[in-house]
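# Chains, contacts and geometry: an overview
One-letter residues, chain by chain:
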Amino acid sequence: MKNKRVLVFVLFIFLLLVPVQAFAVDFDITEVQIEAQLNEDGTADVTEQFTYEFEDEFNGITRSLIPKEGTSIEEFTASDSRRDLEVEIENGLYKIYRSGNDGDTIQVELNYRIIGAVEKFEDGAEFYWPFFDASNESEYGDMTITVIPPAPAAETEALGYGEAFDTSNVTEDGTAVFDLGNVPSEKNANIRAIFESELFPGVTAQDGTVRDELADDREELENEAAAFDRNQQIAQSAGIPAIILFGAGLIGIVLFTWMKAIRRKREVQSQPYEFFVPEDSMSIPALLHFTNPTYVAANGISAAILDLMRKGKIRQLSEDHFELIDRNTDYKHEEVLIGLLFDTIGDGQEFTLEQVEIYTKNESNHEEYNAATADWSKEVKAEVTTHNFYEKHPGLRWTAGIMSAVLLGLSIFTGIYGLLPWMAVSAVLAMLAFGFALSYSPLTPQGHKMRYEWRSMKNAMEQLPTEQWERLTMDEKQRAYAYLLGSDQKTAERKANAFTAAEPANDVSGFAMNPVLMTAVFVSASTTTSSSASASGGGMAGTGGGVGGGGGGSGAF
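Residues numbered from 1 in each chain as written. Predicted model: local features only at pLDDT ≥ 70, side-chain atom pairs only at ≥ 80, totals over all residues. Heavy atoms only, no water.

## Quick notes on the nonpolar core
Of all hydrophobic cores here, the largest spans 55 residues; its most connected members are Ile-305, Phe-322 and Phe-522. If near-sequence neighbours (up to four positions away) are discounted, Ile-305 is found in contact with Phe-322, Leu-337, Leu-341, Phe-351, Met-518 and Phe-522. Counting 52 residues, the second largest nonpolar core, distinct from the first, contains Val-25, Ile-73, Trp-129 and Phe-132. (Core = buried A, V, L, I, M, F, W, Y, C linked by side-chain atoms within 4.5 Å. Buried < 20%, exposed > 50% of the residue type's maximum accessible area, 1.4 Å probe, protein only. Contact = heavy atoms within 4.5 Å.)

Quick look at the structure:
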């Protein structure tokens with residue numbers, strides 16, 4: 001019973017910590033019909049019909065409405081085909097409760113009144129409104145917005161901005177209709193319709209005119225659209241061939257270098273292999289870092305200790321007790337590791353595995369331990385770089401970098417002018433070129449040889465006969481086993497008894513009486529000191545990026 005209570009409590013805490021986005025509802029808004037009936041007093045009675053198709057269970061939908069400066073929204077209600085729906089309002093975000101199941105299609109009708117919706121001027125009265133803005137995170141399908149005057153009008157003018165540009169038409173009775181069709185998320189669209197002033201006797205007229213302003217805006221938008229079309233033609237005629245040319249060149253370079261690397265690797269691996277321990281040319285931790293893509297630093301620390309014992313720098317007094325013999329080391333990373341184990345954790349001359357466990361369980365020591373192990377790993381990597389196992393090829397990498405910059409520019413250029421498939425192709429090629437420029441450093445023949453020999457040795461040790469193992473020198477056994485411990489702990493654990501059994505009972509080196517235990521301690525220390533971070537998020541009504549600071553959007557929960 002107690003365990004059940006603990007489980008419930010843990011689950012409750014987990015739900016509190018999980019980001020809001022994790023519970024997002026998957027849906028499509030397939031149709032939107034918005035009708036704004038203008039009244040003589042300058043108010044607008046708005047009816048919105050949203051058709052939602054859900055792919056998850058849901059509790060309702062949301063609608064954010066951000067009124068323009070000097071206006072307000074009142075009398076908001078919601079209903080479906082059967083009943084009125086419960087609504088919660090917070091900072092312009094309306095939550096409409098209408099639950100359902102995966103696969104449901106629902107239609108919800110929203111009604112509200114805009115106070116101060118119409119402004120009257122000397123030459124006409126205008127309704128200029130943003131029903132959504134760039135803060136909207138939902139895509140609208142088949143959207144139509146209709147603006148109806150209080151009475152039939154003869155001098156209606158209509159203009160749409162943003163996504164609503166070139167979507168308007170005026171009916172015989174003066175109604176302005178904007179057929180937007182599909183509207184992507186995070187887009188602006190402002191609706192503007194001008195009618196005769198006398199249709200709005202309840203609105204006080206302001207000085208100035210608006211029809212000339214609308215005409216100027218129309219001309220400017222049409223000029224921008226014409227310029228866009230011209231530039232789009234340029235993007236098609238020049239940008240697309242450039243993307244093809246640079247893309248072909250990049251792919252050619254990548255294929256050439258890849259095939260060259262494959263040939264070099266095959267040349268090294270084509271030689272027949274017979275088990276041996278490669279020569280002592282670098283430290284065991286550096287070998288592990290260079291030859292193992294899945295190298296784990298915690299396992300590497302155990303291998304490094306064994307390597308220091310092999311060199312006579314450390315002596316093992318018992319299963320978990322170690323003594324420092326000589327501080328003079330061959331590499332900086334060995335000095336860093338001795339400092340961590342003997343000076344920071346131990347007493348300057350000795351340390352035990354129990355001390356490592358006690359030290360790393362103390363949270364106040366985590367930062368220092370992680371900094372030391374990070375410094376150790378950095379110095380191990382530094383040793384690898386001194387061996388020049390990688391070719392530089394600066395000219396080829398600079399060429400790829402320039403190609404990346406050009407392709408990125410082409411991606412932006414084609415994206416601006418609506419050539420979205422080519423924008424995507426160019427962006428992918430730009431990332432490929434950038435990655436190539438950043439990371440292309442093929443192995444030298446010596447590097448391939450080093451990897452091949454040590455990896456082959458490790459694989460051979462999985463089934464190595466005891467008699468073949470016993471023919472190795474003590475130094476070869478120690479280097480081979482230390483490498484195996486850092487790269488393949490399961491095989492190392494199986495070989496542990498065979499290795500220690502082959503050592504003289506009175507061996508003063510005391511080489512790794514229980515290396516598997518030692519590895520387990522450092523893996524546990526790494527896990528204990530590892531830090532994790534969590535992120536959380538939320539939602540907001542919107543930023544009001546439309547005309548006059550207004551706007552809005554749609555969603556579901």
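Next comes the rest of the description.
## Brief notes about empty space enclosed by the protein
Scanning the entire structure with this criterion turns up 1 cavity of 30 Å³ or more. Approximately 30 Å³ is the volume found for the largest cavity. Surrounding the largest cavity, Thr-257, Lys-260, Ala-261, Arg-264, Glu-391, Tyr-440 and Pro-442 form its lining. Across the lining of the largest cavity, the residue classes tally to 3 nonpolar, 1 polar and 3 charged. (1 Å grid on protein atoms, 1.4 Å probe; cavity = no way out; pocket = protein on both sides within 12 Å on 5 of 7 lines; lining within 4 Å. Points joined across faces, edges and corners; volume = space filled by probe spheres on them. Nonpolar A, V, L, I, M, F, W, Y, C, P; charged D, E, K, R; others polar.)

## A closer look at helix H9 (residues 420-439)
Taking 1.5 Å as the rise per residue, H9 with 20 residues should run 28 Å; its terminal C-alpha atoms sit 28 Å apart, in good agreement. Within H9, the full set of buried residues consists of Ser-426, Leu-429, Ala-430, Ala-433, Phe-436 and Ala-437. Relative to the axis of H9, the buried residues are bounded by an arc of 125° and lie together on one face. Counted as exposed and oriented over 90 degrees from the buried face of H9: Pro-421, Val-428, Met-431, Leu-438 and Ser-439. Those residues of H9 that are buried are in contact with helix H2 (211-269) and helix H8 (394-416). (Helix = DSSP H or I, 4+ residues; strand = E, 2+ residues; numbered from the N terminus. Expected span 1.5 Å × (residues − 1). Arc of directions from axis to C-beta.)

## Things to note about unusual backbone geometry
Positive phi is not limited to glycine here, since Glu-75 has a value of about 55°. Here Glu-75 lies in strand E4 (residues 72-79). In this structure Glu-75 comes out as exposed when scored by relative accessible area, which is 53%.

## Let's talk about the layout of surface pockets
The computed volume of the second largest pocket comes to approximately 490 Å³. Residue assignment for the lining of the second largest pocket shows that the elements contributing at least two residues are H2 and H8. For the lining of the second largest pocket, the element with the highest residue contribution is H2, accounting for 4 residues. Residue composition of the lining of the second largest pocket, by class: 6 nonpolar, 3 polar and 3 charged.

## Side note on the packing of aromatic side chains
For any pair of aromatic rings, geometry is given as the distance between the ring centres together with the angle between the planes. Applying the stated criterion to the full structure yields 24 aromatic pairs. Geometrically, the ring pair formed by Phe-54 and Phe-58 is stacked, given 3.5 Å between the ring centres and 10° between the ring planes. Pair check on accessibility: Phe-54 and Phe-58 agree, each one buried. Here a set of aromatic residues connected by ring pairs shows up, and it is made of Phe-27, Phe-50, Tyr-52, Phe-54, Phe-58, Phe-132 and Tyr-140. For Lys-95, the ring lying beneath its charged end belongs to Phe-557, and the centroid distance is 4.6 Å. Arg-451 extends its terminal NZ or CZ atom over the ring of Phe-290, reaching a point 4.6 Å from the ring centre. (Phe/Tyr/Trp six-rings, centres within 6.5 Å; stacked < 30°, edge-to-face > 60°. Lys NZ or Arg CZ within 6 Å of the ring centre and 35° of its normal.)

## A short note on a nonpolar patch on the surface
Taken together, the side chains of Ile-251, Leu-255, Trp-258, Met-259 and Leu-432 present a nonpolar region at the surface, about 500 Å² in accessible area. Counting residues per element, the nonpolar patch draws most heavily on H2, which supplies 4 residues. Along the polypeptide, Trp-258 turns up in helix H2. (Patch = residues over 30% accessible without salt bridge, like charges linked within 9 Å, V, L, I, M, F, W, Y side chains within 5 Å. Areas by Shrake-Rupley, 256 points an atom, 1.4 Å probe, with all protein chains shown as cover. Salt bridge = Lys/Arg side-chain N within 4 Å of Asp/Glu carboxyl O.)

## Regarding the sheet that holds strand E18 (residues 551-556)
One open sheet accounts for 4 strands, arranged E5-E6-E3-E18; its pairing is antiparallel. Two strands close off the open sheet at either side, each with one partner strand: strand E5 (86-90) and E18. Strand-to-strand twist in this sheet, taken as the mean axis angle between neighbours without regard to direction, amounts to 20°. Bridge analysis of E5 against strand E6 (residues 93-100) gives 5 bridges, and the strand direction is antiparallel. Bridge pairing links Glu-88 to Lys-95 in E6. (Pairing = 2+ DSSP bridges. Axes fitted to C-alpha atoms, helices over the stretch in contact; angles between N-to-C directions.)

## A few points about the confidence of the model for the chain
When pLDDT is averaged along the chain, the result is 85; 87% of the residues meet or exceed 70. Highest mean pLDDT in the chain belongs to helix H5 (residues 332-345) (95); lowest belongs to helix H1 (residues 2-17) (44). Scored below 50 in pLDDT, residues 1-23 shows 9 contacts in the model against residues more than four places distant or in partner chains. A low-confidence stretch, residues 532-540 (pLDDT under 50), is modelled with 7 contacts involving residues beyond four sequence positions or located in other chains. (pLDDT = per-residue confidence, 0-100.)

## A short note on the environment of Phe-436
For Phe-436, the position within the fold is in helix H9. According to the relative accessible area criterion, Phe-436 is buried, its value standing at 9%. Residues Phe-436 and Arg-397, 39 residues apart in the sequence, show an inter-C-alpha distance of 7.0 Å.

## Examining the sheet that holds strand E15 (residues 314-318)
With antiparallel pairing, 3 strands are arranged side by side in an open sheet as E15-E16-E17. Two strands close off the open sheet at either side, each with one partner strand: E15 and strand E17 (350-352). For this sheet, the mean inter-axis angle between neighbouring strands, taken without regard to orientation, is 25°. Relative to E17, strand E16 (residues 321-324) runs antiparallel, the two being bridged by 3 bridges. Note that in E17 the partner of Phe-322 across the bridge is Phe-351.

## What about the side chain of Thr-51?
Tracing the sequence through the fold places Thr-51 in strand E2 (residues 44-54). Assessed through its relative accessible area of 12%, Thr-51 is described here as buried. Among the polar contacts made by the side chain of Thr-51, one reaches the side chain of Gln-107 at a distance of 3.5 Å. Beyond its immediate sequence surroundings of up to four residues, Thr-51 is in contact with Asp-28, Ile-29, Thr-30, Glu-31, Thr-105, Ile-106 and Gln-107. (Polar contact = N/O pair within 3.5 Å; in protein donor to acceptor, adjacent residues only side chain to side chain.)

## Quick look at the pairing of strand E14 (residues 189-195)
Within E14, 7 of the 7 residues are buried, which leaves the element mostly enclosed by the surrounding structure. Side-chain alternation along E14 places Ala-189, Ile-191, Ala-193 and Phe-195 on one buried face and Asn-190, Arg-192 and Ile-194 on a second face that is also buried. Bridge count between strand E9 (residues 124-132) and E14: 7 bridges; the pairing is antiparallel. Counterpart to Tyr-128 in the pairing with E14 is Arg-192.

## Re helix H3 (residues 284-291)
Because the α-helix completes a turn every 3.6 residues, residues three or four places apart line up on one side. Of all 8 residues making up H3, 7 are buried, and the element is well covered by its neighbours. For H3, the complete set of buried residues consists of Ile-284, Pro-285, Ala-286, Leu-287, Leu-288, Phe-290 and Thr-291. Those residues of H3 that are buried are in contact with helix H4 (297-310), H5, helix H7 (366-385), helix H10 (445-461) and helix H12 (474-487).

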